[in-house]
Amino acid sequence: MLFNSLSFLIFFPITTAIYFCLPHRARWAWLLLCSAAFYLAFIPKYLLILLLVIAIDYVAGLVIESAKGGWRRAFLIISLVANIGLLALFKYFDFLNANVHALSAFLHWNYPVHNLGWLLPIGLSFHTFQSMAYTIEVFLGRQRAERHPGYYALYVLFYPQLVAGPIERPQNLLPQFRQQHTFHPDRIYSGLRLMLWGMFKKVVIADRIAVIVDAIYGHPQAWGCAWLVIATYGFAIQIYCDFSGYTDIAIGAARVLGIRLMTNFDRPYAARSVAEFWRRWHISLSTWFRDYLYIPLGGNRVGPIRWAINIMIVFVVSGLWHGASWTFVIWGALHGAYILLSRWTRTIRQKLWDATGLGQFQFVTNAWQIFITFNLVAFAWIFFRAQSFASAKWIAGHLVRSPILMHPNYAVNALPPFDRFDLIVMGGIVLILEIIQWARTKPQLSQSFFAQPKWIRWPAYYALIVTILWIGNLGSRSFIYFQF
Amino acid sequence: MDRQWDEFEPACATATAIAERASQLDHAARPRNQLVLEFLKTAFLFSLGLLIVILFCDWRIGRHFYHTHGEDLIGTDVYHGINRANTLSPSVRTVYLGDSVAHQLFMPGTEPSPNVRFITTNQAISMAGQYYLLQTAFRNDPSVHTVYFFYIPGCFGNNLPPRLSHDYFCGYFHRLDEVIEIFRLKHDSQLTASHLGRWLMPNLMMANSMWNRGDDDAPDLATPTTPIAQSAPDPEPVLSLLDHCFGKIPDGPEPPAGSYGQSLPVISNYFLTKMRALCKAHRAILHVLPCPLSTREHFEDAQHTFEQAPMRVDPELLIDAVHFKSQYIEEVRRKVIAFYHLPLNASLITRR
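(A) Expanded view of the overall build of chain B. When helices and strands are counted, chain B shows 12 helices and 6 strands. A total of 352 residues make up chain B; the buried ones form 55% of that total. Here chain B displays about 16000 Å² of accessible surface, and carbon together with sulfur accounts for 59% of that area.

Next comes the structure, spelled out in structure tokens:
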């Protein structure tokens, strides 16, 4: 069930109303039932895989906590292997197999294993990582094993964050299921506002830009470099609005129910370096990798070469987490390379700033760094979005080379999103988005808005809703991160 | 009181926590029922305001469309067809209905005499739309005694799929009785949602379609080159539950191009039967005739729906699989009138 579908519009108020009518002791069961129904809406049989993950890690948590010495580590490894094995089977087997096939063909070996061709269960990477976070935390002694199978199942299945995060930590989520959440109008208004804002970002911005991006990335050879640049910047905005829109709806829906989910985005395109970008983008995933991969590898408390290797391992694995394809691996590796280059050139860049004298103007420094970071990130998105490595290579190689305004006639003449007026409107909406995003970081501004009487605040909400109805893409496009 | 919570977590975490605590203390002092009542009151007022705003915007957009857009609107031919059906004069004795090929040959407004009326539109409105058009015509002038209905055989395959129906059918046929009838027949919750949206805010939804036309990535939406595939059943549980409760009639297999398959799909079958009954009730004669088909086009009339076989034309005359190049329309029209023995004087049909 998509958040931007009619089903969810019916599902959410009904389930929420029943949730608040039920006594506290029955609420976990109701939430679990709703979460299962929510997941069943995608591919019902894959609920069994999710239940398997839940069963493995529920038992693993208990045995890890009760075991002593080397057995603790052994049980953790068994649990991790089971989780990663499931992920590998569904997500990476065909990718590895295809590569082994190619290598065998190159070496003239006979390799008879065929691809499985299984469909990836929606959100498998998300709930596997969330489940693994639990067993690792239990192993590290930072979280007690959950005795109640219902609460543990809900920790993995909780529907607002089930399919695309935020990837929660047990310390944050599990205790909240035990707390009694009273009916709290202000919290509900706040959650609904956040859901509305997320819906606006998804339906009005991301899904409309998607039409342009899809058309250009679908046949990049037919388009000139100006269009390729527009599509690349467009995708940067699309994926942000798509994913952060989803996250806003997820956090908002959970908040209505009284559950506080972790922050996942913090104006990532305002980052002044790629490292900072990763502290602002998909925070729940980047902190997962930091806590459970980067730090165990030694983090930055190692020599420079080992540190560089650690960084590359983390980012390549992060790329692979997103998708089983070389384009994702390159995307991850590019980000790793950016961070390494940034560190290695820090002294030279500082000297350059000092030599030009511009370093003393903080605004200029900030604007330049934000501009460069955004462009580096947008360039890397080419590999994330392109349909194949060849296509990505073509786009990257023709960003400044192909005829500037070349375009297929059918698109620019027939498709409204390519109309100049439409492009201007979209540009205006993105500008408004940026202003609102900026205002959101200023507590005084937001507080003063919420301090206004209803007749000032409500028209703003009405304007958002009417804009969604007027120009939003109401065709229930799926969220980009659902494929992971 | 809804200002205490804010969603701006990164920068306002502390402010939020303080405000939340203050709000909780405030609410703790009040009984739960009072809070619920207060919430329901606010929700009601907000919804009422929203409804007023939406209706106002819809009216305003409608005015804008009326004055500026004209022919640019999606499905203008349907709009004209409905208008023509609504303004039937007592002298009209013969009505021509049909799809976009019929629309090329017998365009509304080009009638050769006052006792003939062309209300041809396109196939995207499906048989349901054709029936409602005829019903409107009869309502305005019960003295019509002959109806010619021209249809490309493949168009009977239109069972109101989402891609075209939301704009062309739901966009123009959204009286409450029509919404209910289609829901009772199809139990397609997405279609019903679109229908209700068009019923409540037709202009706003039209504006939305105009903005999002690019998403269909097919410029000639109303071209019926092949029968339209059936819409996939909605897999979402909440809406599918409705379908299960009402026992949705299963959609048949997709018919081959150029035919409507072994049997008519639900919508076509139901409304063709109703159209025949409607004509019979008004003592009018209904002629169901196939539009001229290319000699390359497959034709199959498994249930003898048409009165006669189609006139065949040279594919060179066509701009696509079914529509005629503009320079050949008059010539084809003359041949069609002769072939089907239509009581029309081709030379009196005016150019538009």
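(B) Summary view of helix H14 (residues 346-356) of chain A. Across the 11 residues that make up H14(A), only a small minority, 1, are buried. Immediately downstream of H14(A), the backbone of A:Gly357 shows phi near 80°, a positive value.

(C) Broad picture of the nonpolar core. Formed by 240 residues in total, the largest nonpolar core has its most connected members in A:Ile205, A:Trp281, A:Trp381 and B:Phe150. In contact with A:Trp381, other than residues within four places in its own chain, are A:Phe235, A:Ala236, A:Ile239, A:Tyr269, A:Phe277, A:Trp281 and A:Trp331.

(D) View of empty space enclosed by the protein. All names here are of chain A. Applying the stated criterion to the full structure yields 3 cavities of 30 Å³ or more. Volume-wise, the largest cavity comes out at about 60 Å³. Tyr 19, His 24, Arg 27, Trp 28, Leu 31, Leu 154, Gln 176, Phe 177, Gln 179, His 181 and Ile 259 together form the lining of the largest cavity. Taken together, the elements giving at least two residues each to the lining of the largest cavity come down to helix H2 (24-40) and helix H7 (170-178). Top element by residues in the lining of the largest cavity is H2. It accounts for 4 residues. A per-class count over the lining of the largest cavity returns 6 nonpolar, 4 polar and 1 charged.

(E) Quick look at the environment of A:Thr128. All names here are of chain A. Structurally, the position occupied by Thr 128 is in helix H5 (residues 124-139). For Thr 128, a relative accessible area of 1% puts it in the buried group. Counting along the chain gives 25 residues from Thr 128 to Ala 153, while the straight-line C-alpha distance between them is 12 Å. Ignoring any residue separated from it by four or fewer positions in sequence, one finds Thr 128 in contact with Asn 83 and Leu 87.

(F) Geometry of helix H12 (residues 304-322) of chain A. Residues and elements named next belong to chain A. Under the 1.5 Å per step criterion, the end-to-end length of H12 is 27 Å for 19 residues, consistent within 8% with the ideal 27 Å. Along H12, the residues classified as buried are Trp 307, Ala 308, Asn 310, Ile 311, Val 314, Phe 315, Ser 318, Gly 319, Trp 321 and His 322. Burial along H12 is one-sided: seen end-on, the buried residues are contained in an arc of 165°. Where the residues of H12 are buried, they touch helix H4 (70-107), H5, helix H10 (274-280), helix H11 (283-294), helix H13 (326-344) and helix H15 (362-385).

(G) Examining the pattern of salt bridges more closely. In the structure shown here, the tally under the stated rule is 17 salt bridges over all chains. Among the ionic pairs, A:Glu146 bridges to A:Arg178, the shortest N-O distance being 2.2 Å. With a gap of 32 residues between them, A:Glu146 in the loop between H5 and helix H6 (149-157) and A:Arg178 in helix H7 connect regions that are remote in the sequence. Its salt-bridge partner being B:Glu111, residue B:Arg117 comes within 3.9 Å of it at the nearest N-O pair. In terms of burial, B:Arg117 and B:Glu111 fall into one category: buried. Put simply, A:Arg169, A:Arg290 and A:Asp291 are held in one network by salt bridges that share partners.

(H) Highlighting the layout of surface pockets. Residue and element names in this part refer to chain A. Estimates place the volume of the second largest pocket at around 1400 Å³. Ser 273, Val 274, Ala 275, Glu 276 and Ile 339 are the residues nearest the centre of the second largest pocket, which is lined by 42 residues in total. Counting residues per element, the ones that place at least two in the lining of the second largest pocket are H10, H11, H12, H13, H14 and H15. Ranked by residues supplied to the lining of the second largest pocket, first place goes to H11 with 7 residues. Its residues assigned to classes, the lining of the second largest pocket comprises 21 nonpolar, 13 polar and 8 charged.

(I) The arrangement of a nonpolar patch on the surface in detail. Residues and elements named next belong to chain B. Taken together, the side chains of Leu 51, Leu 55, Leu 176, Ile 180, Leu 196, Trp 199 and Leu 200 make up a nonpolar region of the molecular surface, amounting to roughly 580 Å² of accessible area. At the level of secondary structure, the elements contributing two or more residues to the nonpolar patch comprise helix H2 (32-69), helix H7 (176-186) and helix H8 (189-200). The biggest single contributor to the nonpolar patch is H8, with 3 residues. Checked against the element boundaries, Leu 176 lands in helix H7.

(J) Representation of the sheet that holds strand S1 (residues 94-98) of chain B. All names here are of chain B. Spatially, 4 strands are ordered S2-S1-S3-S4 in an open sheet, and the strand pairing comes out parallel. The two strands at the open ends of the sheet, each matched to only one other strand, are strand S2 (116-118) and strand S4 (285-290). Averaged over all adjacent pairs, the angle separating strand axes in this sheet is 15°, with direction ignored. The strands touched by helix H11 (residues 266-281) within the sheet are S1, strand S3 (146-151) and S4, with S4 carrying the most contacts at an inclination of about 145°.

(K) Quick look at the packing of helix H1 (residues 6-21) of chain A against helix H9 (residues 225-257) of chain A. All names here are of chain A. Relative to each other, H1 and H9 sit at 30°, their axes nearing to 10 Å. In terms of their interaxial angle, H1 and H9 are classed as roughly parallel. Listed contacts from H9 to Phe 12, Thr 16, Tyr 19 and Phe 20 of H1 are Ala 253, Val 256 and Leu 257. Its residues placed into classes, the contact of H1 with H9 shows 6 nonpolar, 1 polar and no charged.

(L) Layout of the environment of B:Glu307. Residues and elements named next belong to chain B. Residue position: Glu 307 is located in the loop between strand S5 (293-294) and strand S6 (312-313). Note on Glu 307: relative accessible area 45%, which makes it partly exposed. Distance in space between the C-alpha atoms of Glu 307 and Lys 335 is 17 Å, their sequence separation being 28 residues. With near-sequence residues (within four places) excluded, Glu 307 lies in contact with Leu 286, His 287, Val 288 and Leu 289. A polar atom in the side chain of Glu 307 sits 2.9 Å from the side chain of His 287.

(M) Representation of the pairing of S3(B). All names here are of chain B. In terms of residue burial, S3 counts as a mostly covered element, since 6 of its 6 residues are buried. Residues Thr 146, Tyr 148 and Phe 150 line one face of S3 and the alternating positions Val 147, Phe 149 and Tyr 151 line the opposite face, and both faces are buried. Pairing between S1 and S3: 5 bridges, direction parallel. Each residue of the ladder has a partner; that of Val 95, found in S3, is Val 147.

(N) Structural view of the pairing of S1(B). Residue and element names in this part refer to chain B. The element S1 is extensively covered by neighbouring structure, given that 5 of its 5 residues are classed as buried. Residue alternation in S1 divides its side chains into two sets, Thr 94, Tyr 96 and Gly 98 and Val 95 and Leu 97, and both sets are buried. The pairing of S1 with S2 spans 3 bridges and is parallel. Of the residues in S2, the one forming a bridge with Val 95 is Arg 117. In terms of handedness, the path from S1 via helix H4 (residues 100-105) over to S2 forms a crossover that is right-handed.

(O) View of the packing of aromatic side chains. Residues and elements named next belong to chain A. Within the structure shown, the criterion is met by 78 aromatic pairs over all chains. Measuring from ring centre to ring centre gives 5.9 Å for Trp 28 and Tyr 151, while their planes differ by 50°; the resulting arrangement is tilted. With a gap of 123 residues between them, Trp 28 in helix H2 and Tyr 151 in helix H6 connect regions that are remote in the sequence. Residue classification places Tyr 151 among the buried positions, given a relative accessible area of 8%. Look at Tyr 152 and Tyr 155: their rings are 5.7 Å apart centre to centre, the planes differ by 40°, and that puts the pair in the tilted class. With Tyr 152 and Tyr 155 both in helix H6, this residue pair falls 3 residues apart, about one helical turn. Take Tyr 152: its relative accessible area is 0%, and that puts it in the buried class. Here the guanidinium or amino end of Arg 27 rests over the ring plane of Tyr 19, the centre of that ring lying 4.9 Å away.

Procedures and definitions
Residues numbered from 1 in each chain as written. Chains lettered and ligands numbered in written order. Predicted model: local features only at pLDDT ≥ 70, side-chain atom pairs only at ≥ 80, totals over all residues. Heavy atoms only, no water. Helix = DSSP H or I, 4+ residues; strand = E, 2+ residues; numbered from the N terminus. Buried < 20%, exposed > 50% of the residue type's maximum accessible area, 1.4 Å probe, protein only. Areas by Shrake-Rupley, 256 points an atom, 1.4 Å probe, with all protein chains shown as cover. Core = buried A, V, L, I, M, F, W, Y, C linked by side-chain atoms within 4.5 Å. Contact = heavy atoms within 4.5 Å. 1 Å grid on protein atoms, 1.4 Å probe; cavity = no way out; pocket = protein on both sides within 12 Å on 5 of 7 lines; lining within 4 Å. Points joined across faces, edges and corners; volume = space filled by probe spheres on them. Nonpolar A, V, L, I, M, F, W, Y, C, P; charged D, E, K, R; others polar. Expected span 1.5 Å × (residues − 1). Arc of directions from axis to C-beta. Salt bridge = Lys/Arg side-chain N within 4 Å of Asp/Glu carboxyl O. Patch = residues over 30% accessible without salt bridge, like charges linked within 9 Å, V, L, I, M, F, W, Y side chains within 5 Å. Pairing = 2+ DSSP bridges. Axes fitted to C-alpha atoms, helices over the stretch in contact; angles between N-to-C directions. Parallel < 35°, antiparallel > 145°, perpendicular 65-115°, else oblique. Polar contact = N/O pair within 3.5 Å; in protein donor to acceptor, adjacent residues only side chain to side chain. Right-handed = clockwise from strand over helix to strand, strands pointing away. Phe/Tyr/Trp six-rings, centres within 6.5 Å; stacked < 30°, edge-to-face > 60°. Lys NZ or Arg CZ within 6 Å of the ring centre and 35° of its normal.

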